[in-house]
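Fold and contact review
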Amino acid sequence: MKTALVTGVSTKVGLGYAIAEALGKQDYHVIISARKLEQAETIARELNSQGLSISAIRIDLLDRKSIAEAASQVNKKHPVLDVLVNNAALMLDGSATTLEKDLDEFNIEFQTNVTGTWSVTQEFYKMLVASGHGRIVNVSSGAGSFTDPDFGLVHFPGAALKLLDPYPLTPYAITKLALNGLTIKMSKDFKADNILVNAVCPGFTATRAGSADFGARPVSESVKGIVWAATLPDDGPNGGFFRDGAPLPW
Ligand SMILES: NC(=O)c1ccc[n+]([C@@H]2O[C@H](COP(=O)([O-])OP(=O)(O)OC[C@H]3O[C@@H](n4cnc5c(N)ncnc54)[C@H](OP(=O)(O)O)[C@@H]3O)[C@@H](O)[C@H]2O)c1
């Protein structure tokens, strides 16, 4: 049985849940993590009751000790990890302009989305190498691209989704821009170990109450492109940025 780790699985409505469920249905043992262990455990029990093989650990991306402890715990039971989906992320106040933004708050978002993701990848790396076919998916966003037509840095706000203009998502976008850069660098460094690393934007997805009214699509649609990148064959793409399996501009 292949093994996957999915971070940021704390609720049933988030993408993390759907990713874990989809990989579980493809016969992966899926380790799910949340910053509150009880939340991941509750979800693991629920997915186990559907016949899927799921276990839970605690990872807080803002607590590097928790990441190292989780890696050591997983390594004892599952020294081989085939897939790492870096799904967990934080978006705080999306309405602040660049002038207004509280930079201490920005640092927390950056530490979560970039440093935390980087740290998880470092700590679990040797288990991915042991797979011989490791796959890493960094769940990113079109908000971190330059030219994505809806959310890209040069188009949003002011593009198609006018209703969202009061939420420029500036700090979040900057963290995802950095995550995209990190994805490229990792893809080069990890190639020799036959690990494919890609960034995937799930698309605007209804994981928050009311977001469907603004055009967000169902989780069931968005999850497919993430699972595709997590299960690529050895000759699949490396160091790319995708949505629904199709390349996105950086
Ligand atoms: N939904 C969209 O429209 C959309 C669009 C583009 C990209 N994305 C990306 O898709 C991924 C999943 O997003 P989502 O919409 O499913 O959002 P979500 O439900 O808010 O999921 C984010 C997860 O990250 C976790 N998290 C936050 N800070 C953490 C920390 N310090 N340590 C560990 N976990 C932490 C959250 O846990 P808590 O519950 O404890 O906060 C939650 O489980 C994210 O990377 C997001 O940026 C989403």
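Please refer to the structure placed before this passage.
All of the points below concern the structure found in this document. (Residues numbered from 1 in each chain as written. Predicted model: local features only at pLDDT ≥ 70, side-chain atom pairs only at ≥ 80, totals over all residues. Heavy atoms only, no water.)

Between its first and last C-alpha atoms helix 4 (residues 103-131) spans 40 Å; for 29 residues at 1.5 Å apiece the expected length is 42 Å, and the two agree. A maximum bend of about 55 degrees is found in helix 4 at Tyr 125. For helix 4, the side-chain oxygen to backbone nitrogen distance between the N-cap and Asp 104 is 2.8 Å, and the N-cap itself is Asp 102. Following helix 4 by one or two positions, Gly 132 has its phi on the positive side, about 80 degrees. (Helix = DSSP H or I, 4+ residues; strand = E, 2+ residues; numbered from the N terminus. Expected span 1.5 Å × (residues − 1). Bend = angle between axes of the 7 residues up to and from the residue. Polar contact = N/O pair within 3.5 Å; in protein donor to acceptor, adjacent residues only side chain to side chain.)

Inspection of the entire model under this criterion finds six aromatic pairs. Arranged with centres 5.0 Å apart and planes meeting at 70 degrees, the rings of Trp 228 and Phe 242 form a pair that is edge-to-face. Within this pair, whereas Trp 228 is found in helix 6 (residues 219-230), its partner Phe 242 is found in strand 7 (residues 241-243), the two being separated by 14 residues in sequence. Taking the centre distance of 5.4 Å and the plane angle of 15 degrees together, the rings of Phe 241 and Trp 250 count as stacked. (Phe/Tyr/Trp six-rings, centres within 6.5 Å; stacked < 30°, edge-to-face > 60°.)

This model, assessed by the stated rule, comprises nine salt bridges. Lys 65 is the salt-bridge partner of Glu 69, the closest N and O atoms lying 3.9 Å from each other. Pair noted here: Glu 69 and Lys 65 are both in helix 3 (residues 64-77), with a separation of four residues, about one helical turn. Overall, Lys 65 belongs to the exposed group, its relative accessible area being 60%. The partner of Lys 101 in a salt bridge is Glu 105, and the shortest N-O contact between them spans 2.7 Å. Judged by relative accessible area, which is 9%, Lys 101 ranks as buried. Among the residues examined, Glu 105 registers a relative accessible area of 25% and is labelled partly exposed. The network of salt bridges with shared partners includes Lys 101, Glu 105 and Glu 109. (Salt bridge = Lys/Arg side-chain N within 4 Å of Asp/Glu carboxyl O. Buried < 20%, exposed > 50% of the residue type's maximum accessible area, 1.4 Å probe, protein only.)

A word on a nonpolar patch on the surface. On the surface, a cluster of nonpolar side chains totalling about 200 Å² of accessible area is made up of Leu 62, Leu 92 and Ile 108. According to the relative accessible area criterion, Ile 108 is partly exposed, its value standing at 35%. (Patch = residues over 30% accessible without salt bridge, like charges linked within 9 Å, V, L, I, M, F, W, Y side chains within 5 Å. Areas by Shrake-Rupley, 256 points an atom, 1.4 Å probe, with all protein chains shown as cover.)

Our next topic: the layout of surface pockets. Reported here for the second largest pocket is a volume of approximately 150 Å³. If you trace the second largest pocket, you find it lined by His 29, Ile 31, Ser 55, Ala 56, Ile 57, Gln 73, Val 74, Lys 77 and His 78. Counting only elements with at least two residues in the lining of the second largest pocket, the list comes to strand 2 (28-34), strand 3 (54-58) and helix 3. Here the lining of the second largest pocket is built from residues that sort into four nonpolar, four polar and one charged. (1 Å grid on protein atoms, 1.4 Å probe; cavity = no way out; pocket = protein on both sides within 12 Å on 5 of 7 lines; lining within 4 Å. Points joined across faces, edges and corners; volume = space filled by probe spheres on them. Nonpolar A, V, L, I, M, F, W, Y, C, P; charged D, E, K, R; others polar.)

Before going further, it helps to spend a moment on the nonpolar core. Counting residues in each nonpolar core, the largest one holds 30 residues, and the members touching the most others are Ile 19, Leu 23, Val 30, Ile 32, Val 85, Val 137 and Ile 226. Looking at this core, the elements that each hand over two or more residues are strand 1 (2-6), helix 1 (15-25), strand 2, helix 2 (37-49), strand 4 (83-86), strand 5 (135-139) and helix 6. With residues up to four places along the chain from it excluded, the contact list for Ile 32 reads Val 6, Val 9, Ala 20, Ala 40, Ile 43, Ala 44, Ile 54, Ser 55, Ala 56 and Ile 57. The next biggest cluster of nonpolar side chains, apart from the first, holds 25 residues, and it includes Ala 70, Ile 136, Phe 190 and Ile 195. (Core = buried A, V, L, I, M, F, W, Y, C linked by side-chain atoms within 4.5 Å. Contact = heavy atoms within 4.5 Å.)

What follows concerns the environment of Ala 56. By secondary structure assignment, the location of Ala 56 is in strand 3. Sequence separation between Ala 56 and Ala 216 is 160 residues; the distance between their C-alpha atoms is 29 Å. Setting aside its immediate chain neighbours within four residues, Ala 56 contacts Ile 32, Leu 37, Ala 40, Glu 41 and Ala 44.

Ordered in space as 3-2-1-4-5-6-7-8, the eight strands form an open sheet in which the pairing is mixed. The open sheet is flanked by strand 3 and strand 8 (246-247), the only strands paired with a single partner. Sheet topology places strand 5 next to strand 6 (residues 196-200); five bridges connect them, and they run parallel. Residue Asn 138 lies in a different strand from strand 6, and its bridge partner there is Ala 199. Across the sheet, helix 5 (residues 170-190) touches strand 5, strand 6 and strand 7, and the angle it forms with strand 6 is around 165 degrees. (Pairing = 2+ DSSP bridges. Axes fitted to C-alpha atoms, helices over the stretch in contact; angles between N-to-C directions.)

This part covers the packing of helix 3 against helix 4. The geometry of helix 3 relative to helix 4 is characterised by a closest axis approach of 9 Å and an angle of 25 degrees between their N-to-C directions. With respect to their mutual orientation, helix 3 and helix 4 come out roughly parallel. You can see that helix 3 and helix 4 cross each other, and the crossing is right-handed. Mapping the contact onto sequence places Arg 64, Ile 67, Ala 68, Ala 70, Ala 71, Val 74 and Asn 75 in helix 3 and Thr 115, Gly 116, Ser 119, Val 120, Glu 123, Phe 124, Lys 126 and Met 127 in helix 4. Class assignment for the residues of the contact of helix 3 with helix 4 results in eight nonpolar, four polar and three charged. (Parallel < 35°, antiparallel > 145°, perpendicular 65-115°, else oblique. Left-handed = near helix turned anticlockwise from the far one by under 90°.)

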